[in-house]
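# Structural characterization, general
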Amino acid sequence: PLLTSLLDGYNVCIMAYGQTGSGKTHTMMGSQPLEEAAGTRQGIIPKAAAELFRLISEKPADSHTVEVSVTEVYNNEVFDLLATDEAEMSGNGVCVCVRVCVRACVRACGDRPASNACEVMQIIRSVLKLRAHSPTLIHTDSSRSHLIVTLTISSKSPNAVALGETFLHTPVSLTFPQCDFDFHIQPAGCRAVFRTKLQLVDLAGSECVGMSGVSGAALWEVSCINRSLSALSDVLGALAEQRPHIPYRNSKLTHLLQDVIGGDAKLLLMLCVSPTQRFISESLQSLGLGTRARQVQKEPPRAKSNALKERERPSVVLG
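All values derive from a computational prediction rather than experimental measurement.

## Description of the pattern of salt bridges
By the definition in use, this model includes eight salt bridges. A salt bridge links Arg54 to Glu51, with the shortest nitrogen-to-oxygen separation between them at 2.8 Å. Of the two residues, Arg54 and Glu51 both sit in helix α3 (residues 44–57), three residues apart, roughly one turn of that helix. Residue Arg54 is classed as partly exposed on the basis of its relative accessible area, which comes to 39%. Its relative accessible area of 29% is what places Glu51 among the partly exposed residues. Between Glu221 and Arg144 there is a salt bridge whose closest N-O contact spans 3.8 Å.

Pasting the structure below:
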């Protein structure tokens, strides 16, 4: 149902939250490539990609396109893992890829088109090695960043687009350098393009510093992780209490996810908890966030029919 909502005009987010070692990455990625189809061993990301392209295949040809971006939020900076410098050389002469920082937290610059679910997974797996990792007391290869896989779906409508009482006869593009985006205004009779986003998020571990047992530079990593997760909790709390101001900009993580958390977007938060007594405090903390998330009550979304889309969205499309 969440993926069907994408084609109906809604942004969707599915994220896994929990301490290191509780199964977040296994939940999101699974343990086998998509083409080896092992059912229960596939994660949310390959399953979602397969289902999305199945839904698209039922639509008219060329009515939908999909672009993939893979970013990580590391030490409160956004890195585009698909925009890499392949010419960078390490000290021993081995060619390595370098993560590219995206200063403007708007959209990734390394979006790549994909025509099927296997291509999506090939793109994702090709850059997973770039994700920040380091050992902790909990896990010898702990992910130290929030991984965000974004599938942007562009849906084309053949209906005419009106601006007030007049119709445009030629396309108009307006660029505003100060805003980091362009306005693309479609003329009447052209196919208006509507974009929706599916963001699949593997959050970094939520354990406290004492449980991680790290020091030095790794201590700063834990601090950034905990502050961004705290910002996520604050956003959910503000939404639950229906405050007039939602603090999305308190963290790069929540700023990047604003479009898929707020408004009429649909969010699924999966809690991953450890079954061992040793981590009971971390599990209770995760369940506490889940309790806060469940308190978020949004008005039932209105059906976004084609006519409604024409009135609400398409005359000005942000690119």
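## What about the UniProt feature "binding site: ATP" (unreviewed entry) in the protein chain?
Residues annotated in UniProt with the feature "binding site: ATP" (unreviewed entry) correspond here to Gly18, Gln19, Thr20, Gly21, Ser22, Gly23, Lys24 and Thr25. Its place among the elements puts Gln19 in the loop between β1 (12–18) and α2 (24–29). Look past the residues within four positions of Gln19 in its chain and what remains in contact with it is Lys24, Ile138, Gly205, Ser206, Glu207, Cys272, Ser274, Phe279, Glu282, Ser283 and Ser286. Secondary-structure assignment places Ser22 in the loop between β1 and α2. For Ser22, a relative accessible area of 15% corresponds to the buried category.

## A word on unusual backbone geometry
The backbone of Asn75 shows a phi angle near 50°, a positive value even though the residue is not glycine. Mapped onto the elements, Asn75 comes out in the loop between β2 (64–74) and β3 (77–80). Judged by relative accessible area, Asn75 falls into the partly exposed class, the value being 23%. Phi is positive for Gln242, close to 55°, though the residue is something other than glycine. With respect to the helices and strands, the residue Gln242 is situated in the loop between α6 (217–240) and α7 (252–256).

## Considerations on the packing of α6 against helix α9 (residues 280–294)
Their axes nearest at 8 Å, the elements α6 and α9 cross at an angle of 30°. In terms of orientation, α6 and α9 fall into the roughly parallel class. As for the relative orientation of α6 and α9, their crossing is left-handed in sense. Only Leu289, Arg292 and Ala293 of α9 make contact with α6, whose side of the interface consists of Ser233, Asp234, Leu236, Gly237 and Ala240. A breakdown of the residues in the contact of α6 with α9 according to their chemical character gives four nonpolar, two polar and two charged.

## Brief notes about the side chain of Asp202
Examined against the element boundaries, Asp202 turns out to sit in strand β13 (residues 192–202). Residue Asp202 is classed as buried on the basis of its relative accessible area of 3%. For Asp202, the side chain forms a polar contact with the side chain of Thr25, separated by 2.5 Å. Setting aside chain neighbours within four positions, we find Asp202 in contact with Ala16, Lys24, Thr25, Met28, Arg131, Ser145, His146 and Leu147.

Scoring rules and cut-offs
- Going along each chain's sequence as written, the residues are numbered from 1 onward.
- The predicted origin of the model limits local features to residues at a pLDDT of at least 70 and limits the giving and counting of side-chain atom pairs to 80 or more, whereas totals for whole chains, interfaces and linings rest on all residues.
- Excluding hydrogens and water, the side-chain values take into account all heavy atoms of the structure.
- Counted as salt bridges are all cases of a side-chain nitrogen of Lys or Arg within 4 Å of a carboxyl oxygen of Asp or Glu.
- The numbering of helices and of strands both runs from the N terminus, where a helix is a DSSP run of H or I of at least 4 residues and a strand a run of E of at least 2.
- Accessible area is worked out with a 1.4 Å probe on protein chains only. A residue is then buried under 20% of its type maximum, exposed over 50%, and partly exposed in between.
- UniProt positions are given in the numbering used here, feature names are shortened, and annotations may be inferred rather than shown by experiment.
- By the convention used here, residues are in contact when the closest approach between their heavy atoms is within 4.5 Å.
- To obtain each axis, a line is fitted to C-alpha atoms, and for helices this fit is confined to the stretch in contact; angles are then taken between N-to-C directions over 0 to 180 degrees.
- Roughly parallel means an angle under 35 degrees; roughly antiparallel means over 145; roughly perpendicular covers 65 to 115; every other angle is labelled oblique.
- Handedness of each helix crossing follows the sense of rotation of the near helix against the far helix: counterclockwise by less than a right angle gives left-handed, clockwise gives right-handed.
- Residues were grouped as follows: Ala, Val, Leu, Ile, Met, Phe, Trp, Tyr, Cys and Pro as nonpolar; Asp, Glu, Lys and Arg as charged; and all remaining residues, including Gly, as polar.
- Counted as a polar contact is a pair of N or O atoms within 3.5 Å, where, for protein atoms, one must be capable of donating a hydrogen and the other of accepting one, and residues adjacent in sequence contribute only when both atoms are in side chains.

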